[in-house]
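Descriptive structure summary
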Number of protein chains: 2
Amino acid sequence: MKGMTRDRLIDYIRQVLPMSLVQAMKVTVKFHPVPVERNAYVLKASAICNTSYFVEQGVLRSYTYDLDGNEVTTAFFTSGTYCSDLLSFFKRTPAREYIQAITDVRAWAISYADMQESFHTIPEFREFGRLNIVGQYSLLKERMLSNLQETAEKRYSDLIGIYPEILQQVPLKYIASYLGIADTSLSRIRKEALKK
Amino acid sequence: MKGMTRDRLIDYIRQVLPMSLVQAMKVTVKFHPVPVERNAYVLKASAICNTSYFVEQGVLRSYTYDLDGNEVTTAFFTSGTYCSDLLSFFKRTPAREYIQAITDVRAWAISYADMQESFHTIPEFREFGRLNIVGQYSLLKERMLSNLQETAEKRYSDLIGIYPEILQQVPLKYIASYLGIADTSLSRIRKEALKK
DNA sequence: TCCTCCACTTGACATAGGAAAAGAAATACG
DNA sequence: CGTATTTCTTTTCCTATGTCAAGTGGAGGA
C-alpha cells in the first residue's frame, strides 16, 4: 500500500459531513489501508462483521442465498463507497451475507473497537458516523422503493449510469440477481434496449 | 390526551439505550402528545416529513404506489414502535410515501427542529438517536432479507406472531400488499395454514 | 495453435401467481 | 332493524418470468 494517500477517504468524510481538512484528518485516524485480492472474502455468513471499509479502488459485492438456494447479490460496493454489513457490525449478530471482492481492491479499514473508541473521543467522528448511517439507511430505502416503482430495465440503466464500473467489471449474472431477475431476463432486456 | 403518561415512551428509550430514569425523562422533553384519528394522514407523499412519532396506542401504516398504480403497504407502526419516514425526515427530501392511521392513535411527536436541538444539547438524546437509526436500519435490512429467504406463509405467520394487533385491526389486503402478494394469494395461504 | 472454461444469448417450455368477477360474510350506518 | 358498504374467499383464466438446454464467442493456459 505504498504511496496510498488518504485523499479519497477524506473527500468521502467531508462529503458526508462538511468539516475542515484538519478535522477530517482526525476522523481518519483509525482507518488503515488494506489490499483485498480478487475473489477474497472480507466477510462470511455466520461470522460477526468486525470491520467496515471505505473502498478506494475496485468493486466488491455482498450476496446471500434465497429460498431455492440461488445466490442473490444484495449490494455492490464501488470505489468511493462505504462497505460493511451494518446490521451485523452494529448489532454484533452473525452476518447473513457474504462480502467478496470482485476485482482486486484497495480499501481503508476500521475495526468495530476502534470505531467505538472514535465515537467517544472524536466529536466529528460521532457526527460523521451518525450521518453515515442515515446515508446507508437512505440507500437501502431508496433501493426498496425503486424496486417497487421502476421497471427492471430502468433500474438497470440507472445502475450502470451511476456506477459504470459495475458494467465493466461485474459479470451480468451478478447484476441480474441484484436486480431481482434471472440472467436470461437481463439478456432479453439488454437486447430490447439496444433497439433504441 | 388527559392522563397520558410518558411511561411507554420512556420504556422505549431505555430499551434502545439503557439509562437512568432521570436521563430518559430528559430525552423525552421535546416529545408532546398528539391524538390521530382513524384514516387521518400524518404524512403525504411529496411533503417533507417534519415529525417523528412514538406510537403509544393504535396502528398506522405507510404506503406508496407500485409500477401499475397499486397501493403497496411499506410498513406497519404498532403501539410501542417508532413511526416516521426517516428518509424524508433526515434528508429533508419530499416523501415518496403516505403514512395513515388505521385505527385511532395516541402518539408522542417530536419535530425535526426540536430533534436537531436535542441532538446538540442532550448527550443522551444524541446516543439514543444514533442507536434508534441503527435499529430502524436493522428492521429494514432484516425485512429485505426475510423477503428473500422466507416463504410468504412464514412471513405472514411471523408478522402476526410478533404483532398480533395487526391481524386484529388491519384489513387483510394491507397485510397482503405488505407481504408483496395479492390479497387473493393471502387468502389461499390462510386456507392452507388452517389445515395444519 | 488449440483447448477449455466462462460469460452471455437465445429459444422452447412450464408454472406460480396475478387479474377479474362474483358471491358470502361481516360491519357500519341511517 | 334493514340497507349499504367493506372485507374476505373462491374460481377461472392468463401472462410474465423463470428453468432448462443448446449454442456462440472470447480470454487464458498449456
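Procedures and definitions
Residues numbered from 1 in each chain as written. Chains lettered and ligands numbered in written order. Predicted model: local features only at pLDDT ≥ 70, side-chain atom pairs only at ≥ 80, totals over all residues. Heavy atoms only, no water. Near = heavy atom within 4 Å. Polar contact = N/O pair within 3.5 Å; in protein donor to acceptor, adjacent residues only side chain to side chain. Domains from an automatic or database assignment. Contact = heavy atoms within 4.5 Å. Buried area = accessible area lost by both parts, 1.4 Å probe. Salt bridge = Lys/Arg side-chain N within 4 Å of Asp/Glu carboxyl O. Helix = DSSP H or I, 4+ residues; strand = E, 2+ residues; numbered from the N terminus. 1 Å grid on protein atoms, 1.4 Å probe; cavity = no way out; pocket = protein on both sides within 12 Å on 5 of 7 lines; lining within 4 Å. Points joined across faces, edges and corners; volume = space filled by probe spheres on them. Nonpolar A, V, L, I, M, F, W, Y, C, P; charged D, E, K, R; others polar. Axes fitted to C-alpha atoms, helices over the stretch in contact; angles between N-to-C directions. Parallel < 35°, antiparallel > 145°, perpendicular 65-115°, else oblique. Left-handed = near helix turned anticlockwise from the far one by under 90°.

What follows is about the protein's contact with DNA strand D. Around DNA strand D, the surrounding shell holds 15 residues, and the nearest of these are S185 of chain A together with L172, K173, T184 and S187 of chain B. Take the atoms of DNA strand D that sit within 4 Å of the protein: sugar and phosphate atoms are 65% of them. Between a phosphate oxygen of DNA strand D and a side-chain N or O atom of S185 of chain A, the distance comes to 2.5 Å. Contact distances for DNA strand D include 3.3 Å between a base nitrogen and a side-chain N or O atom of R188 of chain A.

The extent of an interface is frequently quoted as the accessible surface area lost upon association of the parts. Residue and element names in this part refer to chain A. By domain assignment, chain A separates into domain 1 (7–149) and domain 2 (152–196). Look at where the C-alpha atoms of domain 1 and domain 2 centre, and you get two points 24 Å apart. Taken together, the 16 residues of domain 1 in the interface contact 12 residues of domain 2. Taking both partners together, domain 1 and domain 2 bury about 1,200 Å²; carbon and sulfur atoms supply 60% of that area. The tally of links between domain 1 and domain 2 comes to zero salt bridges.

Neighbouring residues of DNA strand C: 15 residues in total, closest L172, T184, S187 and K191 of chain A together with S185 of chain B. Counting only the atoms of DNA strand C that lie within 4 Å of the protein, the sugar and phosphate share comes to 72%. At a separation of 2.4 Å, a phosphate oxygen of DNA strand C approaches a polar side-chain atom of S187 of chain A. In the model, a phosphate oxygen of DNA strand C is placed 3.4 Å from a nitrogen or oxygen of the A182 of chain B main chain. Among the secondary structure elements, those contributing two or more residues to the surface near DNA strand C are α8 (172–179) and α9 (183–194) of chain A together with α9 (183–194) of chain B. At five residues, the largest contribution of residues to the surface near DNA strand C is made by α9 of chain A.

Take empty space enclosed by the protein next. A water-sized probe, rolled over the atoms, reveals where empty space remains. Under the criterion given, the structure shown has three cavities of 30 Å³ or more. What the largest cavity holds in volume is close to 70 Å³. As for the largest cavity, its lining consists of Y82, L86, F90, M115, F119, F125, F128, G129, N132 and I133 of chain B. Those elements giving two or more residues to the lining of the largest cavity turn out to be α3 (86–91), α4 (112–121) and α5 (123–149) of chain B. Broken down by element, the lining of the largest cavity gets its largest block of residues, five residues, from α5 of chain B. Of the residues contributing to the lining of the largest cavity, the split by class is eight nonpolar, two polar and no charged. The wall of the second largest cavity is formed by Y82, F90, M115, F119, F125, F128, G129, N132 and I133 of chain A. Grouping the constituent residues of the lining of the second largest cavity by class yields seven nonpolar, two polar and no charged.

Residue and element names in this part refer to chain A. Where helix α6 (residues 152–162) meets α8, the axes come as close as 10 Å, and the angle between the chain directions of the two elements is 125°. Overall, the two elements α6 and α8 adopt an arrangement that is oblique. Where α6 crosses over α8, the handedness of that crossing is right-handed. Between α6 and α8, the contacting residues are A152, R155, Y156 and L159 on the first element and I175, Y178 and L179 on the second. Here the residues of the contact of α6 with α8 sort into six nonpolar, no polar and one charged.

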